[in-house]
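# Geometric and topological summary
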Amino acid sequence: MFMAAKGCPFPCSYCFNAKLLDMYKGKGPYVRSKSPDRIIEEIQRVKSEFSLKWVKFDDDTFGMNRSWLLEFAEKYKKLVGLPFLCNLRANMVDEELMKILKDAGVDRIDFGVECGNEKFRKDVLIRNISNEHIIKTGDLLKKYKIRFHTGSIVGFPGETVEQAFETVYLNRRIRPNLAACSV
């Protein structure tokens, strides 16, 4: 497991990052990325000592900076060449990103559905990601034959049983390889 970047710029109400964003206000950049060369050097060092079969990037949102990602993907493919896993946000996924990640060797992508009710997700969870984004992401991942896992949460204060089932239905629509759910 490796971290190419630390921090998340999104203020989702249920996540500790929302509080950390407040704590770091005025103290410099909250999201900090290692250079592509540095993270690849770290991976190569571990790879030289241990038998790695894959790499997991545990960044909250991997490769938010597209120019960073382009440089990283090219170098990773040449210098590391192992399948990798990463976390993304559905509203940041597009065709170009899928091509870059697939070519670099992505094997699995994890992303949060959180709640299937778009209004609840936006107003209560402060996650401005539409169901359309989530469905498009699922469709692109299937198109590029990239495995994916989703994370959802049920049992929020104020959430109805019907809203919880919307989460099930949305996951069923996009058909992830694994749909994890927390209460």
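Residues numbered from 1 in each chain as written. Predicted model: local features only at pLDDT ≥ 70, side-chain atom pairs only at ≥ 80, totals over all residues. Heavy atoms only, no water.

Moving on: the overall build of the protein chain. Of regular secondary structure, the protein chain possesses 7 helices and 7 strands. Each helix and strand of the protein chain, placed in order from N terminus to C terminus, yields the pattern β-α-β-α-β-α-β-α-β-α-α-β-α-β. Seen through its C-alpha atoms, the protein chain measures out along the principal axes to roughly 50 × 40 × 30 Å. Looking at the protein chain residue by residue over its 183 residues, the buried ones come to 45%. Nonlocal contacts in the protein chain, meaning residues at least 24 apart in sequence, comprise 73% of its contacts between residues at least 6 apart. Entry remark: accessible area of the protein chain is about 10100 Å², with carbon and sulfur atoms responsible for 55%. Counting 31 positive and 24 negative side-chain charges, the protein chain places the averaged centre of each group 2 Å from the other. (Helix = DSSP H or I, 4+ residues; strand = E, 2+ residues; numbered from the N terminus. Buried < 20%, exposed > 50% of the residue type's maximum accessible area, 1.4 Å probe, protein only. Contact = heavy atoms within 4.5 Å. Areas by Shrake-Rupley, 256 points an atom, 1.4 Å probe, with all protein chains shown as cover. Lys, Arg positive; Asp, Glu negative; His and termini not counted. Charge placed at Lys NZ, Arg CZ, Asp CG, Glu CD.)

For the protein chain, per-residue confidence averages 94 on the pLDDT scale, and residues scoring 70 or more make up 100% of the total. The secondary structure element of the protein chain with the lowest average pLDDT is helix α1 (residues 16-24), at 81, and the one with the highest is strand β3 (residues 55-56), at 98. (pLDDT = per-residue confidence, 0-100.)

Both the distance between ring centres and the angle between the ring planes are used here to describe each pair of aromatic rings. Considering all chains together, one arrives at 14 aromatic pairs under this definition. Through a chain of ring-to-ring contacts, three or more aromatic side chains come together here, namely F57, F62, W68, F72, Y76 and F84. Positioned above the aromatic ring of F10 is the side chain of R89, whose terminal nitrogen or guanidinium carbon lies 3.6 Å from the ring centre. (Phe/Tyr/Trp six-rings, centres within 6.5 Å; stacked < 30°, edge-to-face > 60°. Lys NZ or Arg CZ within 6 Å of the ring centre and 35° of its normal.)

This part is about the sheet that holds strand β7 (residues 178-182). Here we have 5 strands laid out as an open sheet, ordered β3-β4-β5-β6-β7, and parallel in their pairing. Looking at the sheet topology across the chains shown, the edges are occupied by β3 and β7. Alignment of strand β6 (residues 147-153) against β7, held across 5 bridges, turns out to be parallel. Looking across to β7, one finds that I153 is bridged to S182. Sheet strands touched by helix α6 (residues 131-143): β5 (106-114) and β6. Its angle to β5, the strand with the most contacts, is close to 165°. (Pairing = 2+ DSSP bridges. Axes fitted to C-alpha atoms, helices over the stretch in contact; angles between N-to-C directions.)

To continue, consider the packing of α6 against helix α7 (residues 161-174). In contact at an axis separation of 9 Å, α6 and α7 are set at 30° when each is read in the N-to-C sense. Here α7 runs roughly parallel to α6, going by the angle between their axes. Of the residues in α7, those in contact with N131, I134, I135, G138, D139 and K142 of α6 are L170, R173 and I174. A per-class count over the contact of α6 with α7 returns 4 nonpolar, 2 polar and 3 charged. (Parallel < 35°, antiparallel > 145°, perpendicular 65-115°, else oblique. Nonpolar A, V, L, I, M, F, W, Y, C, P; charged D, E, K, R; others polar.)

To continue, consider the environment of K77. Mapped onto the secondary structure, K77 falls in helix α3 (residues 66-79). The exposure class assigned to K77 is partly exposed, which follows from its relative accessible area of 44%. Once the C-alpha coordinates of K77 and K53 are considered, the two residues, 24 residues apart in sequence, prove to be 14 Å apart. Look past the residues within four positions of K77 in its chain and what remains in contact with it is D103 and A104. Looking at K77, its side chain comes within polar contact range of the side chain of D103, at 2.8 Å. (Polar contact = N/O pair within 3.5 Å; in protein donor to acceptor, adjacent residues only side chain to side chain.)

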